[in-house]
Every structure is written in structure tokens, then in C-alpha cells.
Amino acid sequence: MHPALNIAIKAARRAGQIINRASNDLDSLKVASKQPNDFVTEVDRTAEAAIIETLQEAYPHYAILAEETGHTAARSGQEAEYQWIIDPLDGTTNFIHGMPQYAISIALAKGNVIEQAVVYDPNRNELFTATKGAGAFLNERRIRVSRRLKLGEALIGTGFPYRELGHLDTYLAIFRELVEKTAGQRRPGAASLDLAYVACGRYDGFWEFGLSPWDMAAGALLISEAGGLVSDLRGDANYLDTGNIVAGTPKVFAPMLKLIQDRLPESLLNRG
Ligand code: IPD
Ligand code: CA
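Let me sum up the structure you'll find in this document. In this text, all values refer to a predicted model and were calculated from it rather than measured experimentally.

Scanning the entire structure with this criterion turns up 10 salt bridges. E126 serves as the salt-bridge partner of R202, at 2.7 Å between the closest nitrogen and oxygen. Separated by 76 residues along the polypeptide, R202 in the loop between helix 5 (191-199) and strand 13 (205-208) and E126 in strand 8 (residues 126-131) bring together distant segments of the chain. With a shortest N-O distance of 2.9 Å, E177 and R263 are connected by a salt bridge. Note that E177 is positioned in helix 4 (residues 168-181) and R263 in the loop between helix 8 (250-262) and helix 9 (266-271), a separation of 86 residues in sequence. Among the residues examined, E177 registers a relative accessible area of 14% and is labelled buried. The class for R263 is partly exposed, based on a relative accessible area of 29%. One network of salt bridges, in which partners are shared, links E177, K181 and R263.

Following this line, the structure appears as C-alpha cells:
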């Protein structure tokens with residue numbers, strides 16, 4: 001196993017312990033709102049600090065982009081070629097409500113290329129990992145996207161818009177069409193896990209608008225290493241920048257992207 005992946009797993013498990021402990025005492029949880037419908041707890045912050053400490057101890061010359069603390073330059077003071085992209089608790093709203101669907105997501109990027117990925121579900125003790133060029137794994141067993149061929153048989157994951165509601169009507173028009181044309185849609189509430197579920201074949205596709213890089217970076221590598229496809233709304237690779245993502249098995253991805261593109265206003269399509 002690549003040493004950086006090993007350290008990322010150690011960091012994710014450490015955060016998982018913090019989150020699991022806190023989940024036993026949700027009544028005393030202090031919740032703050034970063035913006036409407038965007039919450040943070042001291043658990044997000046403590047878990048993030050533990051992850052950053054673990055990663056920086058091993059890699060002081062790497063930069064960090066994390067949900068709660070934003071960008072941190074490399075501790076060594078050098079210009080960083082590598083950057084960790086971290087979501088310490090993806091699915092904070094679920095966590096606050098005691099819904100056991102959330103994860104820790106850690107990716108390592110070299111420039112724009114994601115090289116290592118960890119998505120850890122501390123409720124089910126499911127550890128999804130990938131290294132670029134070396135495949136994707138769930139608890140050390142190789143995973144692949146599903147073999148489902150038709151959109152009509154596909155189970156699709158999604159995320160409802162809830163912060164930025166400007167494109168809600170577009171979202172609902174696509175949602176409606178996919179209700180009619182697929183086997184069903186799910187919105188569990190943790191995008192990194194949704195992407196991991198595409199990678200291991202539980203879903204055949206996933207789409208969401210307005211995500212942040214830390215929601216997607218690790219999950220996207222899991223999918224491509226598991227044989228799936230990931231893009232932005234134009235079918236290009238800029239989803240970390242645009243925040244809009246479409247993913248799926250090779251056969252489901254193309255008709256799904258086309259269906260979505262056909263219902264997008266020019267402004268969204270051009271953004272990608
Ligand atoms: C959120 C979850 C959710 C998605 C949101 C994300 P957070 O992350 O991944 O599924 O729909 O867009 O922001 O805020 O709980 O870390
Ligand atoms: Ca998140």
C-alpha cells in the first residue's frame with residue numbers, strides 16, 4: 001500500500017473514533033450555522049484537527065484544503081506540489097439528527113490529479129480506498145462499478161439542492177425525468193459515500209449540483225479506479241471547480257448525462 005494512503009487511513013480512523021464517541025451524546029452537541037442550512041459542530045472541528053495533525057506529522061511539506069479551516073499552506077513553508085483535500089464529517093446534517101449516514105473523506109492531489117482516496121463510514125466500519133492506477137477497494141477487497149447496462153434498470157443517487165436554490169426548478173425537472181426513466185433515486189445525504197456507492201456497484205449513477213471539492217475528490221477517484229466515469233455537466237473533468245458532478249457505470253453514464261444536459265439552461269451547461 002502507498003505510504004500516503006496508509007497515513008490517510010490512519011487519519012480517517014482517528015476522526016471516526018471522535019465522531020463515533022460524539023454520536024453517543026448528541027443531546028449535548030452545540031450546532032452553529034455557517035450559512036442557511038449549512039451546519040458545523042465542534043465534532044467537525046475536532047475531527048478535522050485530528051486529521052490535519054496526523055497528515056502533517058507525516059507530510060509537513062503538503063498543503064491542505066479542508067472544509068472547516070479552508071486552505072493551509074505546507075508547514076515546511078515550501079511551495080506545495082501536493083494537497084490533501086479533507087471533509088472531516090461529510091453529512092453533518094445527518095449526524096446532528098442521529099441519522100447514521102455520514103463519512104470522513106480524504107484525498108491527496110498532485111496538482112489537479114487525485115492520486116489517493118479514502119472514504120470511511122464509521123457507522124458500518126466500511127473503508128473505501130483507491131490509489132491512482134492501482135484500483136479501488138472496500139475493506140481491502142477489490143470493488144468495481146455495477147454491470148447494469150440500461151438506464152431503465154439503474155438505481156441513481158443524488159443530492160437535493162438545499163443551500164443555493166437558484167437552480168431548483170432545473171433540478172426538479174431532471175429529477176422528475178429520472179423518476180420516470182430509472183429504477184429509482186436515493187438521497188441519503190453524504191455525497192462522498194454516495195460516490196463510494198457508485199464505485200462498489202450499489203448505485204449505477206449519481207448526480208448533484210453545487211458540491212464542494214472536499215465532497216467529491218476522494219469519491220471521484222474511487223469511481224474511476226472502479227471502472228466508472230465521472231464528469232461535470234459538459235462531460236469535462238472540471239467537477240472539482242464547478243461543483244457539479246455526474247457519475248456512473250460506462251453504460252449508464254452516457255444516457256444519464258445526455259438526459260441532464262437536455263434540461264439544462266445555457267448558463268449552467270456553459271459553466272460545466
Ligand atoms: C454535504 C453532503 C450532502 C450534499 C451537500 C454536502 P456536509 O456535506 O455531502 O450529501 O448534498 O451538498 O455539502 O456539509 O454535510 O459536509
Ligand atoms: Ca461535505
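Turning to its location among the elements, M216 is positioned in helix 6 (residues 213-225). Along the chain, M216 and Q35 lie 181 residues apart, while their C-alpha atoms are 20 Å from each other.

It is worth spelling out the layout of surface pockets at this point. Here the largest pocket is characterised by a volume of approximately 770 Å³. Lining the largest pocket are 37 residues, and of these Y162, R163, E208, G210 and L211 lie nearest its centre. Elements represented by at least two residues in the lining of the largest pocket include exactly strand 1 (31-35), strand 2 (38-41), strand 5 (82-90), helix 3 (92-96), helix 5, helix 6 and helix 9. Taken together, the residues that form the lining of the largest pocket break down as 12 nonpolar, 13 polar and 12 charged. If you count residues domain by domain, the lining of the largest pocket takes at least three from each of domain 1 (3-143) and domain 2 (151-270). Its boundaries defined by the atoms lining it, the second largest pocket holds a volume of some 490 Å³.

The next point concerns the site of ligand 1. Taken together, 15 residues sit near ligand 1, with D90, G91, T92, A191 and E208 positioned nearest. With respect to ligand 1, the side chain of E67 contributes an N or O atom lying 3.1 Å from an oxygen atom. One nitrogen or oxygen atom from the side chain of E208 is found 2.5 Å from an oxygen atom belonging to ligand 1. Contact with the protein chains covers 96% of the free accessible surface of ligand 1, which is 380 Å².

Judged by how many residues are buried, helix 5 sits mostly within the fold: nine of nine residues are covered. Of the positions making up helix 5, those classed as buried are A191, S192, L193, D194, L195, A196, Y197, V198 and A199. In the stretch just after helix 5, G201 is the one whose phi turns positive, near 90 degrees.

Taking every second residue as pointing to the same face, both faces of strand 3 (residues 63-66) are buried, with A63 and L65 on one and I64 and A66 on the other. Of the pairings in the sheet, the one linking strand 3 to strand 5 comprises four bridges and is parallel in character. Bridge assignment links A66 to a residue of strand 5, and that residue is I86. Inspection of the sheet shows strand 3 paired to strand 4 (residues 70-72) by three bridges, in the antiparallel sense. If you follow A66 over to strand 4, its bridge partner there is G70. Hairpin connection from strand 3 to strand 4: three residues lie between these consecutive antiparallel strands.

Now for unusual backbone geometry. In this structure, N125 takes a positive phi of about 50 degrees despite not being glycine. Position of N125 relative to the elements: it lies in the loop between strand 7 (113-121) and strand 8. You will see that N139, though not glycine, has its phi angle at about 45 degrees, which is positive. Counting through the fold element by element, N139 comes out in the loop between strand 9 (136-138) and strand 10 (141-143). Taking the relative accessible area as the measure of exposure, N139 reaches 39% and is therefore partly exposed.

Calculation notes
- Residues numbered from 1 in each chain as written.
- Chains lettered and ligands numbered in written order.
- Predicted model: local features only at pLDDT ≥ 70, side-chain atom pairs only at ≥ 80, totals over all residues.
- Heavy atoms only, no water.
- Salt bridge = Lys/Arg side-chain N within 4 Å of Asp/Glu carboxyl O.
- Helix = DSSP H or I, 4+ residues; strand = E, 2+ residues; numbered from the N terminus.
- Buried < 20%, exposed > 50% of the residue type's maximum accessible area, 1.4 Å probe, protein only.
- 1 Å grid on protein atoms, 1.4 Å probe; cavity = no way out; pocket = protein on both sides within 12 Å on 5 of 7 lines; lining within 4 Å.
- Points joined across faces, edges and corners; volume = space filled by probe spheres on them.
- Nonpolar A, V, L, I, M, F, W, Y, C, P; charged D, E, K, R; others polar.
- Domains from an automatic or database assignment.
- Near = heavy atom within 4 Å.
- Polar contact = N/O pair within 3.5 Å; in protein donor to acceptor, adjacent residues only side chain to side chain.
- Areas by Shrake-Rupley, 256 points an atom, 1.4 Å probe, with all protein chains shown as cover.
- Pairing = 2+ DSSP bridges.

So far we have only geometry, and geometry alone does not tell us how the molecule works.
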